[in-house]
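Descriptive analysis of the structure
One-letter residues, chain by chain:
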Protein chains: 2
Amino acid sequence: MSISGRTRLVFLAGDPIDHAKGFAEYADALAAAGLDAAYLPAHVPAGQLGPFLAGMRWMRNLAGIVATVPHKREARALAVPDEAARRAGSANLLRPGAGGGWECSMVDGAGFLIATDAAGIELAGRRVQLLGGGGAGRAVSMAIAERGPAALAVHDPDPARAAALVADLRAEFPSLRAESALGTSEVLVNCSPLGMGDDARMPVAEALIPQGGAVYDIVNRADTPLLVAARRHGCRTDHGRSMMLAQIPLVLRFFFGAA
Amino acid sequence: MSISGRTRLVFLAGDPIDHAKGFAEYADALAAAGLDAAYLPAHVPAGQLGPFLAGMRWMRNLAGIVATVPHKREARALAVPDEAARRAGSANLLRPGAGGGWECSMVDGAGFLIATDAAGIELAGRRVQLLGGGGAGRAVSMAIAERGPAALAVHDPDPARAAALVADLRAEFPSLRAESALGTSEVLVNCSPLGMGDDARMPVAEALIPQGGAVYDIVNRADTPLLVAARRHGCRTDHGRSMMLAQIPLVLRFFFGAA
């Protein structure tokens, strides 16, 4: 990457950010698209996305901000949403909008569907257990709902958060069998941050791994404790790297109108 | 440059910024110092450095901000200064300080002295004409004063700005012969932005170029109209590139305590 005074900037805003991945992949994609732009980390503490954005609004060469944990719900609250962000109630893309404000989108759901399709993980007609009702979990659950699962159970350590997401799912998809629950399934999807970076925790008891089913862990590591156990149980597995890669063209389109 | 989630960021904040130089040189210096850091442009409009800084305070991986035209006086006003910034009344380096504030330094003067020494441009005992009483001009004039010139004349299109700088020079250097004037000299120093980027204007009438003397143009181009004319008049010349290069180690020390 060669920086000049004309280089436009994209930031990945998160906390923690040390273990974030994708910088080389974004650099390659920007170069391949012929864009003079750089993709960079921004370590922004929880709850401070708003004041950070207020300052970034004055960086005229800002192309956009990718919001990751823990900023996705706040990102939605701070910007005018597109349909995917409105439905999810969370956003992972922010770009400067008209009148000094921000516009947001949410491509976690689209990225998840592209990734699971490519991995041969079937969602239609399946009983799906989703873990984590945060910003990514909201978007992924809406994407799963689009595919028409037999049932969609949502679990979150915060029961109110799970209940709120289930209510939103039912409002968006009235015929969906959605509930706040934790039980057996055919497809298990982890959208909690457990397993990220140095975190070696399992997001769920091993007994709930669907023997011979499928497990998708949105954490961008092939070797989270969940995935290691899932492979031992004969599951089809995939992880957040495929979702991250699937999103890159969507991100470039939102920020640069190209890709 | 290879970006990771641990990369610390340095921004060059200015307006305009399209034609700014030094990105490759900073990238090389950061790599040579073994620092995982990137040097990037930030196009911040005049008068908006304050709100920009307020947001950047939340970027925990920010190493510092290099302020260039038109932000150097505002940079000083927004931060706790070191001695060089206090004396100049302007600053070109900002780093996060204790308690959510900023600390600033001004290394334009030190860079100018290193550069002119290397170019064999003598200041002590010389009659010096300085053009431009902005942020850089303030720092460079204080640096020239340290060397003990025979006289130091300051010119600015805004007479009040020149008069204020002369008053500050006299306060700092009571024995200095300083005045707000534009006339003949032995060393002519351009600290105005005329000649930057696509700007083809001369900052001074050709008659005032010191035949056989020296001309230093802080604009980072070897071919400003002033320098082209100065070489035609047999002057020893140098330009902002040497001043920029001389500052790099000082900048890295202020931001990283190293190099």
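All of these numbers come straight from a predicted model, not from anything done at the bench.

Concerning the overall build of chain A
Each helix and strand counted, chain A has nine helices and 12 strands in total. By the compact-globule yardstick of 18 Å for 259 residues, chain A fits well, its C-alpha radius of gyration being 18 Å. A principal-axis box enclosing the C-alpha atoms of chain A has dimensions of 55 × 35 × 30 Å. A burial count over chain A gives 52% of its 259 residues as buried. For chain A, restricting intrachain contacts to residue pairs at least 6 apart in sequence, the fraction spanning at least 24 positions comes to 63%.

Observations concerning the relation of the copies chain A and chain B
In screw terms, the move from chain A to chain B is a rotation of 180° and a rise of 0.0 Å along the axis, fitting with an RMSD of 0.0 Å. With respect to symmetry, the two chain copies, as superposed, fit the operation of a two-fold axis. No C-alpha of chain A approaches the rotation axis more nearly than that of A:Gly55, which lies at 1.8 Å. Interface overlap between copies: 100% of the residues of chain A at the interface are likewise at the interface in chain B, consistent with a symmetric, same-surface contact.

Some words on the pairing of strand β12 (residues 236-239) of chain B
Note: strand β11 (residues 214-217) of chain B against β12(B), four bridges, orientation parallel. Within β12(B), the position partnered with B:Val215 by the bridge is B:Thr237.

Observations concerning the confidence of the model for chain A
Across chain A, pLDDT averages 96, with 99% of residues at or above 70. Scoring of the predicted complex yields 0.94 for pTM and 0.92 for ipTM.

What about the sheet that holds strand β10 (residues 187-190) of chain A?
Residues and elements named next belong to chain A. Reading across the sheet, the six strands line up as β9-β8-β7-β10-β11-β12 and stay open at both edges, with parallel pairing between neighbours. Each of the sheet's edge strands pairs with one partner strand only, and the pair in question is β9 (178-180) and β12 (236-239). When strand polarity is set aside, the average angle formed by the axes of neighbouring strands in this sheet is 15°. Alignment of strand β8 (residues 151-155) against β9, held across three bridges, turns out to be parallel.

Some words on the pairing of strand β1 (residues 8-14) of chain B
All names here are of chain B. For β1, the tally of buried residues reaches six of seven residues, placing the bulk of the element in the interior. Examined bridge by bridge, β1 and strand β2 (residues 37-43) share seven bridges and lie parallel to one another. Bridge assignment links valine 10 to a residue of β2, and that residue is tyrosine 39. At this point the chain moves from β1, through helix α1 (residues 23-32), to the parallel β2, and the crossover so formed is right-handed. Bridge analysis of β1 against strand β3 (residues 62-67) gives five bridges, and the strand direction is parallel. Residue pairing in the sheet places alanine 13 in a bridge with alanine 67 of β3.

Remarks on the domain arrangement of chain A
For an interface, size is often stated in terms of accessible area lost upon the parts coming together. All names here are of chain A. Here the domain parsing of chain A yields domain 1 (8-106 + 243-256) and domain 2 (109-241). Computed from C-alpha atoms alone, the centre-to-centre distance between domain 1 and domain 2 is 24 Å. With 19 residues of domain 1 in contact, the opposing surface of domain 2 contributes 21 residues. Sorting elements by how many residues they give to the side of domain 1 that touches domain 2 places helix α9 (residues 240-256) first, with six residues.

A short note on the sheet that holds β12(B)
All names here are of chain B. Strands sit in the order β9-β8-β7-β10-β11-β12 across an open sheet of six strands; the sheet is parallel. The strands lining the two open edges of the sheet, one partner per strand, are β9 (178-180) and β12. Along the sheet, successive strands turn relative to each other by an average axial angle of 15°, direction set aside.

As for the interface of chain A and chain B
Taken together, the contacts link 32 residues of chain A with 32 residues of chain B. If you list the elements that add at least two residues to the side of chain A that touches chain B, you get α1 (23-32), β2 (37-43) and α2 (49-56) of chain A. Here the residues of the side of chain A that touches chain B sort into 21 nonpolar, eight polar and three charged.

Some details on the packing of helix α5 (residues 108-119) of chain B against helix α6 (residues 135-146) of chain B
The relative placement of two packed helices is expressed as an angle between their axes plus a distance between the axes. Residue and element names in this part refer to chain B. Across the interface, α5 lies against α6 with an axial gap of 8 Å and an inter-helix angle of 55°. With respect to α6, the axis of α5 lies oblique. Helix-helix and strand crossings are classified by hand; for α5 and α6 the assignment is right-handed. Packed against α5, whose contacting residues are Asp108, Gly109, Ala110, Phe112 and Leu113, the element α6 presents Ala136, Ala139, Val140, Met142 and Ala143 at the interface. When grouped by side-chain class, the residues that make up the contact of α5 with α6 number eight nonpolar, one polar and one charged.

Side note on the environment of A:Gly101
All names here are of chain A. With respect to the helices and strands, the residue glycine 101 is situated in the loop between β5 (93-96) and β6 (102-105). Sequence separation between glycine 101 and leucine 62 is 39 residues, and the spatial gap between their C-alpha atoms is 13 Å. Setting aside anything within four residues of it in sequence, one finds glycine 101 in contact with Ala79 and Val80.

Some thoughts on helix α8 (residues 225-232) of chain A
Residues and elements named next belong to chain A. Looking only at α8, the buried set comprises Leu226, Leu227 and Ala230. Buried residues of α8 fall within an arc of 90° about the axis and therefore sit on the same side. Residues of α8 that are buried in the fold lie against β10, β11 (214-217) and β12. The first or second residue beyond α8 is glycine 234, which carries a positive phi of 75°.

Considering the environment of A:Val187
Residue and element names in this part refer to chain A. On the secondary structure map, valine 187 appears in strand β10. Since 24 C-beta atoms lie within 10 Å of it, valine 187 is described here as buried. Considered as a pair, valine 187 and threonine 237 are 50 residues apart in the sequence and their alpha carbons are 9.8 Å apart. Excluding its chain neighbours within four sequence positions, the residues that come into contact with valine 187 are Ile121, Leu123, Arg126, Val128, Pro210, Gly213 and Ala214.

Parameters at a glance
- Residues numbered from 1 in each chain as written.
- Chains lettered and ligands numbered in written order.
- Predicted model: local features only at pLDDT ≥ 70, side-chain atom pairs only at ≥ 80, totals over all residues.
- Helix = DSSP H or I, 4+ residues; strand = E, 2+ residues; numbered from the N terminus.
- Rg over C-alpha atoms; globule rule 2.2 N^0.38 Å.
- Buried ≥ 20, exposed ≤ 12 C-beta atoms within 10 Å, placed from the backbone.
- Contact = placed C-beta atoms within 7 Å.
- Least-squares fit on C-alpha atoms with pLDDT ≥ 70 in both.
- Pairing = 2+ DSSP bridges.
- pLDDT = per-residue confidence, 0-100.
- Axes fitted to C-alpha atoms, helices over the stretch in contact; angles between N-to-C directions.
- Right-handed = clockwise from strand over helix to strand, strands pointing away.
- Domains from an automatic or database assignment.
- Nonpolar A, V, L, I, M, F, W, Y, C, P; charged D, E, K, R; others polar.
- Parallel < 35°, antiparallel > 145°, perpendicular 65-115°, else oblique.
- Left-handed = near helix turned anticlockwise from the far one by under 90°.
- Arc of directions from axis to C-beta.

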